[in-house]
Amino acid sequence: MRLRLGVVLPVSVVMLAFAASGELASAATKVSFGQVSPTATTWPGIVATRKGFFAANGVEMDTVSIGVSPGMQAVASGSLNIMHNTCNAVISFIEQGGKGTHLSVVSMGIHPGVVVGKKGLASPSELKGKVVGTSSIKSGSTILLRRLLKARGLAAGDYDVVAGQGSAQIFSGLQAGAFDAIWLVPPQSLTAVTAGFPVIGTFKEVAPKFPFVCFATNDAWVKSNTAAAQGFAKAWLAAVAWLYDPANRAEAEKLLAEELKLSPAIAAATYDELLVKNRDTYPRDGRVDAEVLRGMIDIMVEGEELAAKPQGDIGRYLDDTMLGGGK
């Protein structure tokens, strides 16, 4: 007969072990997180969720898709803890008197926008009298759209700009014939090109340094949940570092393809476009470059998103608590 040797723990010790594991499980802080639409702009977030980086840093994600302006209202009111929104939207909200939120982390340091036209478009001149789609009429992206079309010989009055929502929605509008041209970001831009929609140009041509997407955070939430806020940033930046490691490329593409329902070829092309060709797409430290932010503000003034160039310390827009600093 084989003897089994083991240790019999007292019931009280077993119960304490269960209690401790329960405390660990409940230690995660639920973060109400808003995004405009699911695109590769949130690739680090996909990685941080699927690879367990958020969980390892005490964060449980509760993600919703919401528009640019409603998102700012939601994060300022506290309905959202963090909003992944265009950087200029945060500045514009504060300049218009909005309170309760600041720009915390830059999550995409370039604007990867690509302007594509309807199938059969042979020249940008054919857009005269036509409709061009964008996500928001007064936004940095629309300003860059106008800059690019101007560089292609089109004046602002040559075409009409109509707002949709995020990339997925305006791409649907292009496919349905509601728009004659739109701007998209990868992977939607790559999907469009593969499907035969012609490229008119890229935003990087007219704005090489434009911080595209940032995190807007609710001030009260960050103050009362500093550990969770910093855990979120730590997990996000760990995912950025993971993405840039060539050893993780195949898995990174697989995660993106699964999340956004992409073909392996489009996922691979997205990795090339955002991580190989543009090494500064996802900032590795998340910190705001003041000079780059000032350049973005100049573009906002140019496009009349801001009535005039703001005066005073640019630091009033920022709160780097998530990165270990403080307002």
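Keep in mind that what you see is a predicted model, and the values were worked out from it rather than measured.

**Looking at the overall build of the protein**
Okay, step 1: Along the backbone of the protein there are 14 helices and ten strands.
Okay, step 2: Along the longest, intermediate and shortest principal axes, the C-alpha atoms of the protein span 90 × 55 × 30 Å.
Okay, step 3: Per-residue burial over the protein gives 49% buried out of 327 residues.
Okay, step 4: Expressed as a percentage of contacts within the protein between residues at least 6 apart in sequence, the contacts between residues at least 24 apart total 79%.
Okay, step 5: As displayed, the protein offers around 15000 Å² of accessible surface, 56% of which is attributable to carbon and sulfur atoms.
Okay, step 6: Side chains of the protein give 30 positive and 28 negative charges; the mean places of these two sets differ by 3 Å.

**Brief notes about the state of the cysteines**
Okay, step 1: The final tally for this structure, using the stated rule, is one disulfide.
Okay, step 2: What pairs with Cys87 in a disulfide is Cys214, and their sulfur atoms sit 2.0 Å apart. Disulfide Cys87 to Cys214: torsion about the S-S bond roughly 90°, handedness right-handed. With a gap of 127 residues between them, Cys87 in helix α5 (residues 87–95) and Cys214 in strand β10 (residues 213–218) connect regions that are remote in the sequence.

**A short note on helix α6 (residues 140–151)**
Along an α-helix, residues three or four positions apart point the same way, because every turn accommodates 3.6 residues.
Okay, step 1: In this model, α6 (twelve residues) spans 17 Å end to end at C-alpha, consistent with the 16 Å of a helix rising 1.5 Å per residue.
Okay, step 2: Two residues or fewer after α6 comes Gly153, characterised by a positive phi angle close to 95°.

**A closer look at the pattern of salt bridges**
Okay, step 1: Evaluation of the coordinates by the stated rule reveals 14 salt bridges.
Okay, step 2: A salt bridge links Glu205 to Arg152; the shortest N-O distance between them is 2.9 Å. With Glu205 in helix α9 (residues 203–206) and Arg152 in the loop between α6 and β7 (160–163), this pair connects stretches of sequence that are 53 residues apart.
Okay, step 3: You can call Arg152 partly exposed: its relative accessible area is 30%.
Okay, step 4: Asp298 serves as the salt-bridge partner of Lys309, at 3.3 Å between the closest nitrogen and oxygen. One end of the pair, Lys309, is in the segment after α14 (290–302); the other, Asp298, is in helix α14, with eleven residues separating them in the sequence.
Okay, step 5: Connected via shared salt-bridge partners are Arg50, Lys254, Glu258 and Glu259.

Rules of the game
- Residues numbered from 1 in each chain as written.
- Predicted model: local features only at pLDDT ≥ 70, side-chain atom pairs only at ≥ 80, totals over all residues.
- Heavy atoms only, no water.
- Helix = DSSP H or I, 4+ residues; strand = E, 2+ residues; numbered from the N terminus.
- Buried < 20%, exposed > 50% of the residue type's maximum accessible area, 1.4 Å probe, protein only.
- Contact = heavy atoms within 4.5 Å.
- Areas by Shrake-Rupley, 256 points an atom, 1.4 Å probe, with all protein chains shown as cover.
- Lys, Arg positive; Asp, Glu negative; His and termini not counted.
- Charge placed at Lys NZ, Arg CZ, Asp CG, Glu CD.
- Disulfide = S-S within 2.5 Å.
- Expected span 1.5 Å × (residues − 1).
- Salt bridge = Lys/Arg side-chain N within 4 Å of Asp/Glu carboxyl O.

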